[in-house]
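# Coordinates in review
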Amino acid sequence: MSKNAKALAAQIKTIAGDAPVQIGMILGSGLGHIADAVDGVAIPYGDLPGFPHAGVSGHNPNLVIGDFEGVRVAVFGGRAHYYENGTADAMRLPLEVLRELGADRMIATNAAGSMLPDMPTGSIMCLSDHINFSGLNPLIGEPTDARFVPMNDAYDPAIRAALRAAADDADVAMADGVYAWYSGPSFETPAEIRAIKLLGADAVGMSTVPEVILARFLGLKAAAISTITNMAAGMSDESISHEHTKAMAPIGAAKLEKVLRGYLRGLA
Ligand code: HPA
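In this report, the structure presented in the accompanying data block is examined.

Thresholds, definitions, all that
Residues numbered from 1 in each chain as written. Predicted model: local features only at pLDDT ≥ 70, side-chain atom pairs only at ≥ 80, totals over all residues. Heavy atoms only, no water. Salt bridge = Lys/Arg side-chain N within 4 Å of Asp/Glu carboxyl O. Helix = DSSP H or I, 4+ residues; strand = E, 2+ residues; numbered from the N terminus. Buried < 20%, exposed > 50% of the residue type's maximum accessible area, 1.4 Å probe, protein only. Near = heavy atom within 4 Å. Polar contact = N/O pair within 3.5 Å; in protein donor to acceptor, adjacent residues only side chain to side chain. Areas by Shrake-Rupley, 256 points an atom, 1.4 Å probe, with all protein chains shown as cover. Nonpolar A, V, L, I, M, F, W, Y, C, P; charged D, E, K, R; others polar.

## Side note on the pattern of salt bridges
A complete count under the given rule lists 11 salt bridges for this structure. Between Arg 265 and Glu 69 there is a salt bridge; the shortest N-O distance is 3.3 Å. Linking Arg 265 in helix α7 (residues 242-267) with Glu 69 in the loop between β3 (62-68) and β4 (71-76), this pair joins segments that are 196 residues apart in sequence. With a shortest N-O distance of 3.4 Å, Glu 243 and Lys 246 are connected by a salt bridge. Of this pair, Glu 243 and Lys 246 both sit in helix α7, 3 residues apart, which is roughly one turn of the helix. When its relative accessible area of 53% is taken as the criterion, Glu 243 is described as exposed. Lys 246 sits in the partly exposed class, given a relative accessible area of 22%.

Here's what the structure looks like:
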């Protein structure tokens, strides 16, 4: 773990208290309001040296630490994307800090385009696996053998089962599927979507995959849920834009929040 992560964790504990954090959550576009439901302390990323700028609209760049459904959580209200600065490892320091704060797991959320006609806008999808369609990797340049991270069951089967149980309990329909990481920031072409679909992806987005690789590298269990904000390019006449993503995210976000709350109640 970097010295910087240890120093930041110490700084955060002086503000938020020493009690160990159980779980980290990274919030995607239009999902930032979930941080407001946490009973705790919000620390702006700007007060945490080395934290990413995370300047995408629809994100809320605070680290919120506190109680959510009886569980001590660290909520990352903003994430840095590869397309902002061309760095795939921009979330490495926040995830190192999460580990230092005591967490053993993280759940990432994101907005994504769907490639499945029966998974329309407003659906949510639990990631079963991913395809790194970008070819980038946040561990390029990591000098140790720890960089050779196995990615079998990268999306932790036990967490996925618990999320599924929480969705069933809350009567929320949650699909299961493969997420493809596209670098962005332009959206995909219809031809790219046809290609990714042929490769086996069910949804596409511009985040999460580097975070899951980093989480596994750091020994954190990982899981992720997408909110479907649009049908992917060429799949329908629906408009595709960041504005549309932000406008549609709340439909899935309400379902996502129910699943997360149920999952946390099961952990408490
Ligand atoms: N493609 C990539 N990222 C996205 C999409 C999409 O269609 N929708 C929301 N985020």
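## Quick word on the site of the ligand
Around the ligand sit Ala 111, Ala 112, Gly 113, Phe 187, Glu 188, Val 204, Gly 205, Met 206, Thr 229, Asn 230 and Thr 245, and that is every residue in its neighbourhood. Ala 111 places a main-chain nitrogen or oxygen 3.3 Å from a nitrogen atom of the ligand. Between the ligand and Thr 229, the relevant distance is 3.5 Å, taken from a nitrogen atom to a side-chain nitrogen or oxygen of the residue. Here the ligand has 260 Å² of accessible area as a free molecule, and 95% of this is covered by the chains. Listed by contribution, the elements that provide at least two residues to the shell around the ligand are β5 (105-114), β8 (203-205) and β9 (221-231). Residue contributions to the shell around the ligand peak at 3 residues, all from β5. Here the shell around the ligand is built from residues that sort into 5 nonpolar, 5 polar and 1 charged.

Any link to function would need more than the numbers given here.
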